[in-house]
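# Secondary and tertiary structure notes
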Amino acid sequence: MAAAGDGPWLDDAAGRLVRPFTVSNGRTEPSVALDLMSQVMATGVTPLGYLGPEHAQALDLCRAPVSVAEIAAHLKLPAVVTKVLLSDLVDCGVLTTKPPAFHHTPTDRSLLEAVLDGLRRQL
């Protein structure tokens, strides 16, 4: 039986019934450059044509700005598959994307040490 809210795509015994790369038709390269921290948001434009269930779920998650990583987690799909789905939505004009804004150098030693300390506290 499928878990509540997962629809026909997940089964308790078998796991995912549709392989992740089937969702993106085997594509592994998004047409739009997206980082895991890129923010995506719905434009309000109505999509023309049919959207697959994962496209529709992703679009629904983008009512407010959200990162690519968060969408991948909600969809329970690999990041590369999620990036392909999101790039499809950007290409048809229903999503807009913004690269992550770093207010400091992302490889700043003090920032990395703070992240490591936070992770250690969680363990």
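Provided above is the structure to which this section pertains.
These numbers come from a predicted model, not from an experiment.

About the cut-offs
Residues numbered from 1 in each chain as written. Predicted model: local features only at pLDDT ≥ 70, side-chain atom pairs only at ≥ 80, totals over all residues. Heavy atoms only, no water. Helix = DSSP H or I, 4+ residues; strand = E, 2+ residues; numbered from the N terminus. Buried < 20%, exposed > 50% of the residue type's maximum accessible area, 1.4 Å probe, protein only. Contact = heavy atoms within 4.5 Å. Pairing = 2+ DSSP bridges. Polar contact = N/O pair within 3.5 Å; in protein donor to acceptor, adjacent residues only side chain to side chain. Lys, Arg positive; Asp, Glu negative; His and termini not counted. Salt bridge = Lys/Arg side-chain N within 4 Å of Asp/Glu carboxyl O. Axes fitted to C-alpha atoms, helices over the stretch in contact; angles between N-to-C directions. Parallel < 35°, antiparallel > 145°, perpendicular 65-115°, else oblique. Nonpolar A, V, L, I, M, F, W, Y, C, P; charged D, E, K, R; others polar.

### Some points on the overall build of the protein chain
Along the backbone of the protein chain there are 5 helices and 5 strands. Helices (α) and strands (β) of the protein chain occur, in sequence order from the N terminus, as β-β-α-β-α-β-α-α-β-α. Counting the 123 residues in the protein chain, one finds 30% classified as buried. Once local pairs closer than 6 in sequence are excluded, the contacts in the protein chain between residues at least 24 apart make up 66%.

### Overview of the sheet that holds strand E5 (residues 95-98)
The antiparallel open sheet is built from 3 strands, whose spatial order is E4-E3-E5. At either end of the open sheet lies a strand with only one pairing partner, and these are strand E4 (66-67) and E5. Where strand E3 (residues 39-42) meets E5, 4 bridges bridge the pair, whose relative direction is antiparallel. Residue pairing for E5: Met 41 is matched across the bridge by Thr 96.

### Quick word on the environment of Ser 38
As for its position among the elements, Ser 38 is in the loop between helix H1 (20-23) and E3. Residues Ser 38 and Val 68, 30 residues apart in the sequence, show an inter-C-alpha distance of 5.9 Å. Excluding anything up to four places from it in sequence, Ser 38 contacts Val 66, Ser 67, Val 68, Thr 97, Lys 98, Pro 99 and Pro 100. Among the polar contacts made by the side chain of Ser 38, one reaches the main-chain amide nitrogen of Asp 35 at a distance of 2.8 Å.

### What about the side chain of Thr 82?
Relative to the helices and strands, Thr 82 is located in helix H4 (residues 79-91). Residue Thr 82 is classed as buried on the basis of its relative accessible area of 0%.

### Some words on the side chain of Lys 83
Note on placement: Lys 83 falls in helix H4. Buried charge without a partner: Lys 83 forms no salt bridge, and the closest opposite charge is Asp 35, 6.3 Å away. Apart from the residues lying within four places of it in its own chain, the contact partners of Lys 83 are Pro 30, Leu 34, Asp 35, Leu 36 and Val 68.

### With respect to the packing of helix H3 (residues 68-75) against H4
One way to put it is that H3 packs onto H4 with a least axis distance of 9 Å and a crossing angle of 105°. As far as their axial angle goes, H4 and H3 are roughly perpendicular. Across the interface between the two elements, Val 68, Ile 71, Ala 72 and Leu 75 from H3 touch Ala 79, Thr 82, Lys 83, Leu 85 and Leu 86 from H4. Residues belonging to the contact of H3 with H4 are distributed by class as follows: 7 nonpolar, 1 polar and 1 charged.

Geometric descriptors of this kind do not, in isolation, establish any biological role.
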